[in-house]
Amino acid sequence: MAFELPTLPYAVNSMADAGMCQETLELHHGKHHQTYVTALNGFVESKPELAGKSLEEIIAHSRADASLTPVFNNAGQHWNHSQFWESLSPKGGAIPPVLEKKLIEDFGSVDAFKTAFRQAAATQFGSGWAWLVLDADGKLQVTKTSNAASPLSEGQGRTLLTLDVWEHSYYLDFRNRRPDYITNFIENLANFERAEELLKSA
Ligand code: MN3
């Protein structure tokens, strides 16, 4: 079974007024993410050792093997982007009560969480990702990873929310102003409802 580009859970023009235009989503999902999926399927076809493995198994298998770096990069980016589309919502930004309580418990305040997330996303040098995860001790943490790495590949915990900070994710809307893209995500686009659902089911 070939890997497939997931369908976006909202219309491509649904966030145009909230800082993510249709062209950004069309290019990012339809071109960038599709390219990772196509490349991954090519590797699976040409490397018998990958046959029948799940995406998570391919990421684990290729992570520490330098000869499989291109496999890791494309598999990781497929997983990361699949998380990212689910982390966006046209009605995002509002933090529901169970998640809010847990954020206050683990960060001291909602503002402290937002500051930590902004800091992680802004200081990820070059390309990468910022994450809200539930760690092995049941505590919320903000982490960042470079390129195609993720909390899954780095063993940082269970992903609740992520933000892509590769330039292709914000250049049309925010040019070089990554901090504005990050703040807009937290305030208007972040799907905290889903993060809470994942927290509850953990
Ligand atoms: Mn991307």
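Residues numbered from 1 in each chain as written. Predicted model: local features only at pLDDT ≥ 70, side-chain atom pairs only at ≥ 80, totals over all residues. Heavy atoms only, no water.

Describing the packing of aromatic side chains
Selection criterion: Geometry of aromatic contacts follows a simple scheme: Phe, Tyr and Trp rings, the Trp one being its six-membered ring, pair when their centres are within 6.5 Å, and the pair is stacked under 30 degrees between planes, edge-to-face over 60, tilted otherwise. Under the scheme applied here, a residue whose accessible area is under 20% of the maximum for its type counts as buried, over 50% as exposed, and between as partly exposed, the area being computed with a 1.4 Å probe on protein chains only.
Counted by the stated rule, this structure contains 11 aromatic pairs. A centroid spacing of 5.3 Å and a plane angle of 45° characterise the contact between Phe84 and Trp85, whose relative ring orientation is tilted. Comparing Phe84 with Trp85 shows no difference in burial state: the two are buried. Through a chain of ring-to-ring contacts, three or more aromatic side chains come together here, namely Trp79, Phe84, Trp85, Trp129 and Trp131.

Quick notes on unusual backbone geometry
Quick note on the threshold: Each helix is a run of H or I in the DSSP string that is no shorter than four residues. Each strand is a run of E no shorter than two, and both are numbered from the N terminus.
In this structure, Asn147 is a non-glycine residue whose phi angle is positive, near 50°. Of note, Asn147 is situated in the loop between strand 2 (140-146) and helix 6 (151-154).

Brief notes about the packing of helix 4 (residues 97-107) against helix 9 (residues 192-201)
The condition that has to hold: Axis definition: a line fitted to C-alpha atoms, limited for helices to the stretch in contact. Angles are taken between N-to-C directions and run from 0 to 180 degrees. When an angle is under 35 degrees it counts as roughly parallel; over 145 it counts as roughly antiparallel; between 65 and 115 it counts as roughly perpendicular; any other value is oblique. Two residues form a contact once any of their heavy atoms are found within 4.5 Å.
Relative orientation of the contacting elements helix 4 and helix 9 amounts to 75°, with a least axis distance of 8 Å. Considering their axes alone, helix 4 and helix 9 lie roughly perpendicular with respect to each other. Residue-level inspection shows Pro97, Val98, Leu99 and Lys102 of helix 4 in contact with helix 9, the latter providing Phe192, Ala195, Glu196, Leu199 and Lys200.

Considerations on the domain arrangement of the protein chain
Rule in force here: By convention here, the domain bounds are inherited from an automatic or database domain assignment. Summed over both partners, the accessible area (1.4 Å probe) lost when two parts come together is defined as the buried area.
Taken domain by domain, the protein chain comprises domain 1 (21-86) and domain 2 (97-201). When each unit is reduced to the centre of its C-alpha atoms, the spacing between domain 1 and domain 2 is 21 Å. Of the roughly 1800 Å² buried between domain 1 and domain 2, counting both surfaces, carbon and sulfur atoms make up 61%. Considering only the surface of domain 1 that becomes buried against domain 2, Asn80, Phe84 and Glu86 emerge as the three largest contributors, covering 28% of it.

What to know about the sheet that holds strand 2
Pairing between the strands of a sheet comes from backbone hydrogen bonds, and it takes one of two forms, parallel or antiparallel. Put simply, the rule is: The rule for pairing is simple: two strands pair if DSSP sees at least two bridges between them.
What the 3 strands build is an open sheet, ordered 2-1-3; its pairing is antiparallel. A single partner strand is all that each edge strand has here, and the edge strands are strand 2 and strand 3 (158-164). For this sheet, the mean inter-axis angle between neighbouring strands, taken without regard to orientation, is 25°. Pairing analysis gives 7 bridges linking strand 1 (residues 128-134) to strand 2, with the strands arranged antiparallel. Note that in strand 2 the partner of Leu132 across the bridge is Val142. Relative to the sheet, helix 9 contacts strand 1, strand 2 and strand 3, its axis offset from that of strand 3 by approximately 160°.

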